[in-house]
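Structure at a glance
Each chain, written out:
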Amino acid sequence: MPTETVIQNSVMENSAEQSSLLTQIREVYHQPFLDLVFQAQELQRRFHPRNEVQLCTLANIKSGNCSEDCAYCPQSARYNTGIETWELPSLEEIRQQALDAKANGSTRFCMGAAWRTPPHQQAFNHVVEMVKTVVGEGMEACVTLGMINADQAKALKEAGLKAYNHNIDSSPEFYPEIISTRTIQDRFDTLKNVANAGIDVCCGGILGMGETLEHRLDFIKTLCELDHTPESVPINCLVPVEGTPLANQAPVDSFDLVRTIATVRIFLPEAKVRLSAGRLSMNDETQAWCFMAGANSIFTGEKLLTTNNPGMNRDQELLEKLGLKPQVLLN
C-alpha cells in the first residue's frame, strides 16, 4: 500500500522515477477501505478547517430548451421530460433568492442557465448584473452558463464572480458516449478562459452514467492534469430522469462513491470536494462516510436545478448529528 509520503511526493513532485499518475490513482483507490478513508481524512484536516462544511445554493436561472444532447440532462430540448421552462428572472428575484439562501447558512450562491453558450449579449449582460447583485449581498457568486469566451470570462471576473462551474462529466474516453454536441476539448477551452481571467475553477463530474471503474479513475486523473487545479470538485451521482437516455441506470454503489471521494481528496487535497446531486437517495450513514472521506461542501435547498434535493431542515438535522458546522465566510 502506498504511504502518504509516497502519494504526496508522487502527486506534487511528479518524479520521473515514479509510476504514471493513473497507476498511482488506481493503487490509492484499491487500498483497504478504512486505510483509504483514514488517509483522506488526514489530508482534509491538514488543508481544511475541521468539522466545517460549506453550504451552497444552486438557482436555476434559465430552465430547459437547451440545444445540447447530454444524456443525463432533463433540460435538453431533445428529450421529453416534462420539466418547467422559464427565462432569466429579474434582479430583485435573484436578490431575494440569495438572501433566503444566506439566511439558511449558504455562503455561495450558484446560478445555472441551460445554455450551450450565452445566446446573446443582452442575456449575458443580465447575468453579469445578477453576479453583482449576489456579491452585493455578501455571498460568493458562482455561475454555470455553458461555454464562454475570454472576454465573457473577463466581464464576469470584473463583476465579482468567485467561481465558474464547468464539469468535464467523465473521462475523455467515455465522454463521447454521453454527449455529442460539445467536445471535451470545448470544455477544456472554457476552463482555460475562466482560469486565465482569475476566476476559480469549479469542475467535477457524474458517477453512474454507465462508465467503468477505469473511466472513473481516468476522470480523476484528468482533473489532476487540468492546467489550473480546481478550487472545488462537485461529485454528482446520476439522478435518472424519465425521458432521458439514462433513465434506467442503476444507482451508484455507496462504497464506490466513498472511494471516489476519498481518492479525489488525496490527489486534490486543497480543493473543496462538493457532495452534489443524488443525496436524496443516500441515507445518513452514506453521507457521513462521504464527509469522513473528504467531502466538505454540499448543495442545500429543495431542488438542484430540476431534480429533488434534501431540504434545509433535513440537512441541518444531519449536520447536527455529525457535529458539523456550516462554514462562515471570512471578510
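Here's what I pulled together on the structure shown here. (Residues numbered from 1 in each chain as written. Predicted model: local features only at pLDDT ≥ 70, side-chain atom pairs only at ≥ 80, totals over all residues. Heavy atoms only, no water.)

**Digging into the nonpolar core**
One broad rule of soluble globular proteins: the nonpolar side chains tend to lie buried together. One finds Tyr-72, Leu-145, Leu-156 and Leu-257 to be the most contacted residues of the largest nonpolar core, which totals 91 residues. Leu-156 has contacts with Phe-124, Val-128, Val-131, Val-143, Leu-145, Ile-148, Leu-161, Tyr-164 and Ile-199, leaving out every residue within four places of it along the chain. Residues Cys-56, Leu-58, Cys-110 and Ala-163 belong to the second largest nonpolar core, which totals six residues. (Core = buried A, V, L, I, M, F, W, Y, C linked by side-chain atoms within 4.5 Å. Buried < 20%, exposed > 50% of the residue type's maximum accessible area, 1.4 Å probe, protein only. Contact = heavy atoms within 4.5 Å.)

**So, the state of the cysteines**
Taken as a whole, this structure holds zero disulfides when the rule is applied. The cysteine Cys-203 is free of any disulfide, with Cys-202 supplying the nearest cysteine sulfur at 7.6 Å. Since its relative accessible area comes to 0%, Cys-203 is described here as buried. (Disulfide = S-S within 2.5 Å.)

**Let's talk about the packing of helix α3 (residues 33-47) against helix α9 (residues 254-267)**
Axis separation between α3 and α9 bottoms out at 9 Å; the angle between their running directions is 40°. As judged from the angle between their axes, α3 and α9 are oblique. Every pair of crossing elements has a handedness; the one defined by α3 and α9 is left-handed. For the pair formed by α3 and α9, the contact residues are Phe-33, Leu-36, Val-37, Gln-39, Ala-40, Leu-43 and Gln-44 on the first element and Phe-255, Val-258, Arg-259, Ala-262, Thr-263, Arg-265 and Ile-266 on the second. Split by residue class, the contact of α3 with α9 holds nine nonpolar, three polar and two charged. (Axes fitted to C-alpha atoms, helices over the stretch in contact; angles between N-to-C directions. Helix = DSSP H or I, 4+ residues; strand = E, 2+ residues; numbered from the N terminus. Parallel < 35°, antiparallel > 145°, perpendicular 65-115°, else oblique. Left-handed = near helix turned anticlockwise from the far one by under 90°. Nonpolar A, V, L, I, M, F, W, Y, C, P; charged D, E, K, R; others polar.)

**Focus on the pattern of salt bridges**
Any two side chains of opposite charge can pair if their charged atoms end up close together. Tallying each qualifying case throughout the model produces 16 salt bridges. Where Glu-214 meets Arg-26, a salt bridge forms, and the shortest distance between an N and an O atom there is 2.9 Å. Separated by 188 residues along the polypeptide, Glu-214 in helix α8 (residues 213-224) and Arg-26 in helix α2 (residues 21-29) bring together distant segments of the chain. Classification of Glu-214 by relative accessible area gives partly exposed; the value is 36%. Classification of Arg-26 as partly exposed rests on a relative accessible area of 27%. Put simply, Glu-140 and Arg-108 hold a salt bridge, and the shortest N to O gap is 2.8 Å. With Glu-140 in strand β3 (residues 140-144) and Arg-108 in strand β2 (residues 108-113), the pair connects residues that are 32 residues apart, well separated along the chain. Residues Glu-140 and Arg-108 agree in their burial class; the two are buried. Three or more residues joined by partner-sharing salt bridges are found here, namely Arg-108, Glu-140, Glu-231 and Lys-272. (Salt bridge = Lys/Arg side-chain N within 4 Å of Asp/Glu carboxyl O.)

**Some details on the pairing of strand β8 (residues 272-275)**
One face of the sheet, then the other: side chains in a regular strand alternate in exactly this way. Burial along β8 is two-sided: the face carrying Lys-272 and Arg-274 and the face carrying Val-273 and Leu-275 are both buried. Each parallel crossover has a hand, and the one from strand β7 (residues 232-237) via α9 to β8 is right-handed. Judged from the two bridges that link them, β8 and strand β9 (residues 297-300) form a sheet pairing that is parallel. Bridge pairing links Leu-275 to Ile-298 in β9. (Right-handed = clockwise from strand over helix to strand, strands pointing away. Pairing = 2+ DSSP bridges.)

**Regarding the packing of α2 against α9**
The N-to-C vectors of α2 and α9 enclose an angle of 130°; their axes lie 9 Å apart at closest approach. The orientation of α2 with respect to α9, classified from their angle, is oblique. You can see that α2 and α9 cross each other, and the crossing is right-handed. Mapping the contact onto sequence places Leu-21, Gln-24, Ile-25, Val-28 and Tyr-29 in α2 and Asp-256, Arg-259, Thr-260, Thr-263, Ile-266 and Phe-267 in α9. The residue inventory of the contact of α2 with α9, partitioned by class, reads six nonpolar, three polar and two charged.

Geometric descriptors of this kind do not, in isolation, establish any biological role.
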